[in-house]
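Take a look at the letters that make up each chain.
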Amino acid sequence: MWHLLVVAVVAVGFVAWVTWAAARANEVFRIDVRDGRIARVRGKVQAQAVREMADVVRHARVDRAVIRGVRAAGRTRLVVRGTDPPTTQRLRNVFHTP
């Protein structure tokens with residue numbers, strides 16, 4: 001009987017891993033914000049954009065946030081979690097400025 005439980009746990013773990021991997025497959029970069037500062041940068045993003053985003057989150061006093069660049073339809077779009085709408089828009093403006 002415990003064999004079925006082990007199989008079920010392994011199956012759930014595998015489905016969770018596949019879901020997680022699929023969600024990250026189109027991620028170009030990820031920036032983690034902690035205590036109003038850039039805590040970690042993963043992936044490819046221009047240093048100038050990171051500096052400008054750091055200014056935005058510091059001035060907005062963002063406690064915790066995740067800023068992701070996600071590839072969709074041949075373009076990279078910004079997905080932000082943990083900020084208010086005006087701060088999110090400022091981050092998008094910084095990211096899309098030529």
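Residues numbered from 1 in each chain as written. Predicted model: local features only at pLDDT ≥ 70, side-chain atom pairs only at ≥ 80, totals over all residues. Heavy atoms only, no water.

(A) Main features of helix α2 (residues 47-59). Taking 1.5 Å of rise per residue, the 13 residues of α2 would be expected to cover 18 Å, and the 19 Å separating its terminal C-alpha atoms lies within 8% of that figure. Within α2, burial applies to Ala49, Val50, Met53, Ala54, Val56 and Val57. Considered in projection along α2, the buried side chains sweep an arc of 165 degrees and stay on one side of the axis. In this structure, the buried residues of α2 make contact with β1 (27-34), β2 (37-43), β3 (64-72), β4 (75-81) and α3 (85-96). One or two positions beyond α2, positive phi appears at Arg61, with a value near 55 degrees. (Helix = DSSP H or I, 4+ residues; strand = E, 2+ residues; numbered from the N terminus. Expected span 1.5 Å × (residues − 1). Buried < 20%, exposed > 50% of the residue type's maximum accessible area, 1.4 Å probe, protein only. Arc of directions from axis to C-beta. Contact = heavy atoms within 4.5 Å.)

(B) Summary view of the nonpolar core. By size, the foremost hydrophobic cluster in this structure holds 16 residues, and its most contacted members are Ile31, Val33, Met53, Val57, Ile67, Leu78 and Leu91. Secondary structure elements with two or more residues in this core: β1, α2, β3, β4 and α3. Per-element accounting of this core gives the leading share, five residues, to α2. The residues touching Leu78, leaving out its near neighbours within four places in the chain, are Phe29, Met53, Ile67, Arg68, Leu91, Arg92 and Phe95. (Core = buried A, V, L, I, M, F, W, Y, C linked by side-chain atoms within 4.5 Å.)

(C) Structural detail: the packing of α2 against α3. In contact at an axis separation of 9 Å, α2 and α3 are set at 160 degrees when each is read in the N-to-C sense. As the angle between them shows, α2 and α3 are arranged roughly antiparallel. Crossing hand, α2 versus α3: right-handed. Residues Ala49, Glu52, Met53, Val56 and Val57 of α2 lie in contact with α3, whose contacting residues are Thr87, Arg90, Leu91, Val94 and Phe95. When the residues that make up the contact of α2 with α3 are grouped by side-chain class, the tally is seven nonpolar, one polar and two charged. (Axes fitted to C-alpha atoms, helices over the stretch in contact; angles between N-to-C directions. Parallel < 35°, antiparallel > 145°, perpendicular 65-115°, else oblique. Left-handed = near helix turned anticlockwise from the far one by under 90°. Nonpolar A, V, L, I, M, F, W, Y, C, P; charged D, E, K, R; others polar.)

(D) Structural view of the side chain of Glu27. Among the secondary structure elements, Glu27 is positioned in strand β1. Under the relative-accessibility criterion, Glu27 is labelled buried at 16%. At a separation of 3.1 Å, a polar atom in the side chain of Glu27 contacts the side chain of Arg42. A distance of 2.7 Å separates polar atoms of two side chains, one belonging to Glu27 and the other to Arg68. (Polar contact = N/O pair within 3.5 Å; in protein donor to acceptor, adjacent residues only side chain to side chain.)

(E) Looking closely at the environment of Val94. You can see Val94 is positioned in helix α3. Looking at Val94, the relative accessible area reads 15%, which means it is buried. A sequence separation of 45 residues divides Val94 from Ala49, and the C-alpha atoms of the two residues are 6.7 Å apart. Setting aside its immediate chain neighbours within four residues, Val94 contacts Ala49, Glu52, Met53 and Val56.

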